[in-house]
Amino acid sequence: MATKTTWTGAFATTICLVSLTGCVATTSSTDPASNHPTMISPTSPPATGGTLVDPLTRLEDPDSDAFLATTVSPSLHEHGTGAATFDVARPDPSLTQLRFYIACAAGEFTVTLGTFYSGDCTPDFTSSGTIPLPSGEDPLSVRLDVSAGTDYWITAIPVP
């Protein structure tokens, strides 16, 4: 009986992991054979989904379809959780735009720098967007909007 319970428990645990639903082990002090995982519904969807890939690692990887160069000098390269605003030094005047690469765990994102670039969150960025630099001499203020608790990487590369 114990072997069957162990196999059933292992099978149930595997099913829980494969289906990405929450599981909790229950223990009964009076019946050790009833010690098996039980499916539960999460109270809210998780804010993170999978392991995020730092966009810079793909931009500097010669085997990546997003390869730019073996050494990239981003104006912005940050990892965090939830919405954030970043002050970015204005690049050389010959560089008139910032190209943004966003990896985020869940939901949607919006990057604002005068105008905006937005899309669906993916753990390994699937697109990039370029925003023209606003005129002026002051540092740039970049706003990233994602849902509270959402894990992200943001990278911005100045381009002509």
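For the structure, check the block above.
For the structure given in this document, a descriptive report is provided here. (Residues numbered from 1 in each chain as written. Predicted model: local features only at pLDDT ≥ 70, side-chain atom pairs only at ≥ 80, totals over all residues. Heavy atoms only, no water.)

The next point concerns the overall build of the protein chain. Scanning the protein chain from terminus to terminus reveals 2 helices and 10 strands. Burial status across the protein chain gives 31% buried among its 160 residues. Total accessible area on the protein chain is roughly 9500 Å²; 57% of this is exposed by carbon and sulfur atoms. (Helix = DSSP H or I, 4+ residues; strand = E, 2+ residues; numbered from the N terminus. Buried < 20%, exposed > 50% of the residue type's maximum accessible area, 1.4 Å probe, protein only. Areas by Shrake-Rupley, 256 points an atom, 1.4 Å probe, with all protein chains shown as cover.)

Tallied over the full model, the rule gives 3 salt bridges. The partner of D124 in a salt bridge is R58, with the nearest N and O atoms 2.9 Å apart. Here the residue D124 occupies a position in the loop between β7 (115-120) and β8 (128-132), and R58 occupies one in helix α2 (residues 55-59), the gap between them amounting to 66 residues. Of the residues examined, D124 reaches a relative accessible area of 30% and is grouped as partly exposed. Taking the shortest distance from any N to any O, the salt bridge between D145 and R143 comes out at 3.0 Å. With relative accessibility at 32%, the residue R143 sits in the partly exposed group. Here the residues in one salt-bridge network are R58, D65 and D124, joined through shared partners. (Salt bridge = Lys/Arg side-chain N within 4 Å of Asp/Glu carboxyl O.)

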